[in-house]
Amino acid sequence: MSLPLTPLERLVVAMDVPTRAEALALARTLKGRVGMLKVGLELFCAEGPEFVKEVQAYAPVFLDLKLHDIPNTVARALEALMPLDVSLINIHAQGGPAMMEAASAVVRAHRSRGGRTQLLAVTVLTSLDREALARMGHTAEPGEMALHLARLAQSCGLDGVVCSPQEAGSVRDACGEGFHRLTPGIRPQGSAAQDQARILTPAQAIRGGSTWLVVGRPITQAPDPAAAAETILAEMAQA
Ligand code: C5P
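Residues numbered from 1 in each chain as written. Predicted model: local features only at pLDDT ≥ 70, side-chain atom pairs only at ≥ 80, totals over all residues. Heavy atoms only, no water.

A.B. asks: How should helix H3 (residues 41–56) be read in this particular structure?
C.D. replies: Helical geometry note: an α-helix holds 3.6 residues per turn, so side chains three or four residues apart project in the same direction. Compared with an ideal rise of 1.5 Å per residue, which puts 16 residues at 22 Å, H3 spans 17 Å between its outermost C-alpha atoms and falls more than 12% short. A maximum bend of about 110° is found in H3 at Gly-48, where proline Pro-49 lies one to four positions downstream. Three or more residues of H3 are buried, namely Leu-43, Phe-44, Gly-48, Phe-51, Val-52 and Val-55. Contact partners of the buried residues in H3: helix H2 (20–30), strand S2 (36–40), strand S3 (61–67) and helix H4 (71–81). (Helix = DSSP H or I, 4+ residues; strand = E, 2+ residues; numbered from the N terminus. Expected span 1.5 Å × (residues − 1). Bend = angle between axes of the 7 residues up to and from the residue. Buried < 20%, exposed > 50% of the residue type's maximum accessible area, 1.4 Å probe, protein only. Contact = heavy atoms within 4.5 Å.)

Encoded structure:
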């Protein structure tokens, strides 16, 4: 059995900054204070795989590309990305079981060769509410649908899901501790919610069953990002 993760290993900082220079400056500042740095679609499209390698000099990377296509295309895209050996990568659960199985097979083959990448599924985008789902032809509540897709992702061999911190506990109860929950929407006590609607503090998220906490603006827009990360790590350690 693997050891429990430390607060440092659980903290993922979203590098939502527009340029390579700003991202690398942030990575430098946060070195040794974060478990992972999240590179999203915008930076990846602008800067490419070489940039991911540069970031990995400072911390392991979560490559947040949310792939969604037919099984063969997603599997081939993942194969092309495996040489980066990022720590986490993700796909959309709504790509369906055959797509998730094909994706999982690629990542598992990579791990059998000594790679470290783990594969997560995005269940239901938090930008989709009940009304939006209904307009798309789905009758389930977003939370119900997320749990259903988490179970499906687990049965297809994935390592965990991206979910709201409010759903982390029910996913853990349904799928077990070893099926990971990565949760954005984290705000330390006293910091502004900004555009996040359903937020939890770092301590609440840890107690509620999150494996990894994704934190963006409370760190990246703080006057002193290193100090902000230290404060969050201390709060996580207390939980
Ligand atoms: O700045 P903030 O802490 O809100 O950043 C959260 C990060 O997590 C952003 O990169 C955002 O795109 C991402 N995210 C999210 N909610 C989701 C999925 C991803 O906030 N449901």
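A.B. asks: Would you mind showing me how to read the layout of surface pockets here?
C.D. replies: Any space left empty among the atoms is revealed by the rolling of a water-sized probe across them. Of the volumes computed, that of the largest pocket is approximately 1000 Å³. Along the walls of the largest pocket sit 42 residues, with Lys-66, Thr-126, Pro-184, Gly-185 and Gln-196 positioned nearest its centre. Residue assignment for the lining of the largest pocket shows that the elements contributing at least two residues are S2, H3, S3, strand S8 (212–215) and helix H10 (217–220). By residue number, the principal contributor to the lining of the largest pocket is S3, which donates four residues. Taken together, the residues of the lining of the largest pocket sort by class into 20 nonpolar, 11 polar and 11 charged. (1 Å grid on protein atoms, 1.4 Å probe; cavity = no way out; pocket = protein on both sides within 12 Å on 5 of 7 lines; lining within 4 Å. Points joined across faces, edges and corners; volume = space filled by probe spheres on them. Nonpolar A, V, L, I, M, F, W, Y, C, P; charged D, E, K, R; others polar.)

A.B. asks: What should I look at first to understand the pattern of salt bridges in this one?
C.D. replies: One side chain can pair with another of opposite charge once the charged atoms of both are near each other. In this structure the tally under the stated criterion is 12 salt bridges. Taking the shortest distance from any N to any O, the salt bridge between Glu-54 and Arg-20 comes out at 2.5 Å. Remark: Arg-20 occurs in helix H2 and Glu-54 occurs in helix H3; sequence separation between them is 34 residues. Accessibility expressed as a relative area gives 34% for Arg-20, which makes it partly exposed. The shortest N-O distance in the salt bridge between Asp-195 and Arg-217 comes to 2.5 Å. Of this pair, Asp-195 sits in the loop between strand S7 (180–183) and helix H9 (202–207) while Arg-217 sits in helix H10, and the two are 22 residues apart along the sequence. By relative accessible area, Arg-217 is classed as partly exposed at 26%. (Salt bridge = Lys/Arg side-chain N within 4 Å of Asp/Glu carboxyl O.)

A.B. asks: Can you help me understand the site of the ligand in this one?
C.D. replies: The immediate surroundings of the ligand are formed by Ala-14, Asp-16, Lys-38, Thr-126, Pro-184, Arg-187, Gln-196, Val-214, Val-215, Gly-216, Arg-217 and Pro-218. Contact distances for the ligand include 2.6 Å between an oxygen atom and a side-chain N or O atom of Asp-16. Within the contact set of the ligand, an oxygen atom lies 2.7 Å away from a backbone nitrogen or oxygen of Arg-217. Elements that contribute at least two residues to the shell around the ligand include exactly S8 and H10. (Near = heavy atom within 4 Å. Polar contact = N/O pair within 3.5 Å; in protein donor to acceptor, adjacent residues only side chain to side chain.)

These figures capture arrangement, not role.
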